Amino acid sequence: MGRVETYDHTADLGLRVFARDLNDLFQTAAAGLFDVIVVNRQDVRIVETEPVRLEADSTEDLLINWLNELIFRSETQHRLYSQFDVAIDESGCVLDGTIAGEPIDRQRHILDHEVKAATRHGLSLKRENDQWVAEVILDI
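First things first, this report covers the structure right here in the doc. (Residues numbered from 1 in each chain as written. Predicted model: local features only at pLDDT ≥ 70, side-chain atom pairs only at ≥ 80, totals over all residues. Heavy atoms only, no water.)

A few words now on the packing of aromatic side chains. Ring pairs (aromatic) are described by centroid distance and by the angle formed between their planes. Applying the stated criterion across every chain, the model contains 3 aromatic pairs. Residues Phe 34 and Phe 84 carry aromatic rings whose centres are separated by 5.8 Å and whose planes lie at 25° to one another, so their mutual orientation is stacked. Taken together, the residues span a long stretch of sequence, with Phe 34 in helix α1 (residues 22-37) and Phe 84 in strand β4 (residues 79-88) at a distance of 50 residues. You can call Phe 34 buried: its relative accessible area is 0%. Residue class for Phe 84 comes out buried when judged on its relative accessible area of 3%. What links up through ring pairs into an aromatic cluster is the set Phe 34, Trp 66, Tyr 81 and Phe 84. (Phe/Tyr/Trp six-rings, centres within 6.5 Å; stacked < 30°, edge-to-face > 60°. Helix = DSSP H or I, 4+ residues; strand = E, 2+ residues; numbered from the N terminus. Buried < 20%, exposed > 50% of the residue type's maximum accessible area, 1.4 Å probe, protein only.)

This is how it looks when you write it as structure tokens:
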């Protein structure tokens, strides 16, 4: 799996994601998102899985849609996710995947930030040498 760095951005929080390919980048971004939401993501059990299919006009839009879909599901279903299996098609505009996690258990899960949305402000996604690098600002 790739790696994620966080950085402060005014009143928000930025994610800088490094990965070997787009599948890895989307999985790593999702893991980074939930590391912001819950301090102990490693303690989120894989109790249930859910399919995810998303389409967008660009790979950048797909990344934002992916993160916002995860935020939406977490907020509306009161769930946390710890496993993300995704496949991005050749166009970079279609994501098929499975996410896994469990309902929030406030006795076991240490919630950190409430993330409202992944924003397009400051969004970048590019290939640098042998890796992909993305920067996404989270509205917290």
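A few words on the environment of Ala 19. Here Ala 19 shows up in strand β2 (residues 12-19). Accessibility expressed as a relative area gives 3% for Ala 19, which makes it buried. Sequence spacing of Ala 19 and Asp 57 is 38 residues, and the spatial spacing of their C-alpha atoms is 22 Å. Residues contacting Ala 19, with those up to four places away along its chain left out, are Gly 2, Asp 24, Leu 25, Gln 131 and Trp 132. (Contact = heavy atoms within 4.5 Å.)

For the rest of this paragraph, the subject is the pairing of strand β5 (residues 94-103). Counting buried residues in β5 gives 7 out of 10 residues, a clear majority hidden from the surface. Across 8 bridges, strand β3 (residues 48-55) lies against β5 in antiparallel orientation. Residue Glu 55 lies in a different strand from β5, and its bridge partner there is Val 94. Here β4 runs beside β5; their pairing, made up of 9 bridges, is antiparallel. Along β5, the bridge assignment pairs Phe 84 with Ile 99. (Pairing = 2+ DSSP bridges.)

Nothing here speaks to function; it is geometry throughout.
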